[in-house]
Amino acid sequence: MSSHEHEAKAEQPAPPPSSSSSNSAEAKPETRPSMETDMPGNSTTNPSTSWFGPKMILALFCAMSLINYLDRGAIASNGVNGSRGSCNKDGICTSGTGIQGDFNLSNFQDGVLSSTFMVGLLIGSPIFASLAKSLNPFRLIGVGLSVWTISALGCGFSFNFWSIAVCRMFVGVGEASFISLAAPFIDDSAPADQKTVWLAIFYMFIPAGYAIGYVYGGVVGSHFGWRCAFWVEAALMLPFAILGFVMKPLQLKGMVPGGSTKVLAADTRVQDVEASNGKDESLSSSAEVGDKILSEPSKSKSGSPAISNQFSHFFKDMKELLQEKIFVVTVLGYIAYNFVIGAYSYWGPKAGYSIYNMTNADMIFGGITVVCGIVGTLAGGLVLDFMTNSLSNAFKLLSLTTLIGGAFCIGAFLFRSMYGFLVLFAIGELLVFATQGPVNYVCLHCVKPSLRPLSMAMSTVAIHIFGDVPSSPLVGVVQDRINNWRTTSLILTTIFFPAAAIWFIGIFMHSVDRYNEHSESESQPPQPQPQPSTSERKDTTPTPLPEEKIGETPLPTPSIEEKTRETPIEAPSVEEKTGETAPPKP
């Protein structure tokens, strides 16, 4: 029973008191508001009634995403990442710059450094997604972003490869705290006909963050040193970490708000009482059952059983998630797509500098990525909403844009002219970035609401652990062997075509939008049973036992021996029955 239904019943006039009932039984429904709203610690509110609205929620998560991906772009920039020292044929040597120069890293080590955050993301994402079912999600975000801030600060104080690698790993833990919860909150807050556009606005800050990070890293790294770049990032993220601890919590669709588990159990038992006793006794019964449930000691404090239940729920949810064929196909295509995008983001400036002698490769690649990323991501969301945001239409858009965009990128790397390369590469990136809104829309809507955080967490983990994490070091290995950035880039770009083929298969699969589907029993209160009519209740309502009557002492039930010892009562005569004298017999 929801709090609104309970409050509505409490407003109805109380039935006339019976002679066998006490006044306290009637007073409980009037003085006791909804159990769900009175639960201690359950301050969950709707976005419309909170101190900030849906647009503020969107802006908040966009700012977090921008700073996070700015960090990714900064560590890939020439100003922060730098280069190793080298010697020419004449024996003249130049010292290295940035992280790679200070720590004398190989291309493989440099690629690994960009991927170590994935260790923390892999561990943290499923944990945060599971804890969000029972804990305040914004407190979890506050904890995660605090870890992110401290880790970014530590990157600036690192002294060798392993020290900065460990700090990068904990940066991934911080990212995991909001990456699985941001999209479901935005999906709940967005208008029904603009869901893909809102998701596109959020995801456009991935390329925008990368691009701004290229420029930011190049400027700060060259003027103040690469360590200063990490310190400024930590200062930028600190206010959002603090905000996670002080802001009002919001209820996520399909989730049980923190502290309301007992309330749902109470509601279930209250409805059982109402179904058996009828509507007239529902108010007093619900109050009594609620008092009993709320007074029971919590079993979750025992430690081991609670942890065991968390693991069992997690594996149950994972099994259900992996049985969703639409989700699996979407993520497989997303992995191949992200393999290319991840390598582009990390090696793009170096490849452009080597192939076309771009003296300001950070600025050029940053400018192309930010413009094409923002325009392409927004365009993809608008087109899907215009087509009617369905799963089948999303797959059509995903396969078409990835196929054509990949072809333009192949043509770009075949051009000898830098200007021809920039034009074709910009068109290719414009098309491939149009997938961001639709692919995440599918991940959110192909599962039931309570699985959305886990869906986003596992899709993010999968595209990183099988996509951009191995792509950066593998491209570094290929480049070390063939020593030709043009050929390496062409080999990398061909992986767009398998991604388009996988998403093309999704068009012909049976797909159902499950956004409005009821969640599991612990996430959604049970539906009330239909109440019998007044005439049916008169015939079927059982007479309460003596101990159920309020204020009466239960009478002892006589045993069989006591019954047999009793003097039998004589049957009344005809005169006693009728009150008249029986007529004489003839």
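For the structure, see preceding data.
Predicted model, so just to flag it, every value in this text is computed and none were measured. Along each chain, residues carry numbers from 1 onward, in the same order as the chain's sequence is written. Note on the predicted model: pLDDT of at least 70 is required for a residue's local features to be given, and 80 or more for side-chain atom pairs to be given and counted; whole-chain, interface and lining totals, by contrast, use all residues. The side-chain figures draw on all heavy atoms in the structure; neither hydrogens nor water molecules are used.

## Focus on helix H21 (residues 418–432)
Point 1. By definition, any uninterrupted DSSP run of H or I lasting at least four residues is a helix, any uninterrupted run of E lasting at least two residues is a strand, and each is numbered from the N terminus. Between the first and last residue of a helix there are one fewer steps than residues, each counted as 1.5 Å, and that sum is the expected span. When the terminal C-alpha atoms of H21 are compared, their 21 Å separation across 15 residues agrees well with the 21 Å that a helix rising 1.5 Å per residue should span.
Point 2. Each residue is placed in one exposure class: buried if its accessible area under a 1.4 Å probe, protein chains only, is under 20% of its type's maximum, exposed if it is over 50%, and partly exposed if it falls in between. Among the residues of H21, those classed as buried are Gly420, Phe421, Leu422, Leu424, Phe425, Gly428, Glu429 and Val432.
Point 3. Buried residues in H21 make contact with helix H18 (325–356), helix H19 (361–387), helix H20 (391–414) and helix H25 (496–506).
Point 4. With a side-chain oxygen lying 3.3 Å from the backbone nitrogen of Tyr419, the N-terminal cap of H21 falls on Ser417. Here, residues are in contact when the closest pair of their heavy atoms is within 4.5 Å. Polar contact is the term for a pair of N or O atoms within 3.5 Å; when the atoms are in protein, one must be able to donate a hydrogen and the other to accept it, and sequence-neighboring residues count only if both atoms are side-chain atoms.

## Observations regarding the environment of Thr369
Point 1. Structurally, the position occupied by Thr369 is in helix H19.
Point 2. Along the chain, Thr369 and Ile206 lie 163 residues apart, while their C-alpha atoms are 9.9 Å from each other.

## Section: the nonpolar core
Point 1. Buried residues of nine kinds, namely Ala, Val, Leu, Ile, Met, Phe, Trp, Tyr and Cys, make up a nonpolar core once their side-chain atoms join them within 4.5 Å. Counting residues in hydrophobic clusters, the biggest one holds 112 residues, and the most contacted among them are Phe61, Tyr337, Phe421 and Phe425.
Point 2. With 18 residues, H18 is the single largest residue contributor to this core.
Point 3. Non-local contacts of Phe425, meaning those with residues more than four positions away in its chain, are made with Tyr344, Phe365, Ile368, Cys409, Ala412 and Phe413.
Point 4. Within the second largest apolar cluster, 18 residues are counted, among which are Ile75, Ile99, Phe161 and Ile164.

## A few points about unusual backbone geometry
Point 1. Even without being a glycine, Asn104 presents a positive backbone phi close to 55°.
Point 2. Locating Asn104 in the fold gives a position in the loop between helix H6 (98–103) and helix H7 (107–113).
Point 3. For Asn104, a relative accessible area of 57% puts it in the exposed group.
Point 4. Although it is not a glycine, Asn357 sits at a positive phi angle of roughly 55°.

## Describing the packing of helix H12 (residues 195–203) against H19
Working note: a packed helix pair is described by the angle between its axes plus the distance between those axes.
Point 1. At a closest axis distance of 8 Å, the pairing of H12 and H19 adopts a crossing angle of 170°. The angle between H12 and H19 falls in the class roughly antiparallel. Where H12 abuts H19, its residues Lys195, Thr196, Val197, Ala200, Ile201 and Tyr203 lie against Thr377, Leu378, Gly381, Leu382, Leu384 and Asp385. Note on definitions: angles span 0 to 180 degrees between N-to-C directions of axes, and those axes are lines fitted to C-alpha atoms, for helices only across the stretch in contact. Each angle is binned into one of four classes, with values under 35 degrees roughly parallel, values over 145 roughly antiparallel, values of 65 to 115 roughly perpendicular, and all other values oblique.

## Quick look at helix H9 (residues 137–156)
Point 1. Its 20 residues place the ends of H9 29 Å apart at the C-alpha level, agreeing with the 28 Å of an ideal helix rising 1.5 Å per residue.
Point 2. Taking burial as the measure, the 20 residues of H9 include 14 buried ones, the bulk of the element.

## A few points about the side chain of Ser177
Point 1. Along the chain, Ser177 falls in helix H10 (residues 161–179).
Point 2. A distance of 2.6 Å separates a polar atom in the side chain of Ser177 from the backbone oxygen of Gly174.
Point 3. Dropping the residues within four chain positions of it, Ser177 is found in contact with Phe128, Leu140, Ile141, Gly144 and Leu145.

## Points about the packing of H18 against H25
Point 1. Axis separation between H18 and H25 bottoms out at 8 Å; the angle between their running directions is 160°. With respect to H25, the axis of H18 lies roughly antiparallel. H18 and H25 meet at a crossing whose hand is left-handed. Across from Val329, Thr330, Leu332, Gly333, Tyr334, Ala336, Tyr337, Val340, Ile341 and Tyr344 in H18, the residues of H25 making contact are Phe496, Ala499, Ile502, Trp503 and Gly506.
Point 2. Note on residue categories: nonpolar means Ala, Val, Leu, Ile, Met, Phe, Trp, Tyr, Cys or Pro, charged means Asp, Glu, Lys or Arg, and polar means any other residue, Gly included. Split by residue class, the contact of H18 with H25 holds 12 nonpolar, three polar and no charged. When the near helix sits turned anticlockwise from the far one by under a right angle, the crossing is termed left-handed; a clockwise turn instead gives a right-handed crossing.

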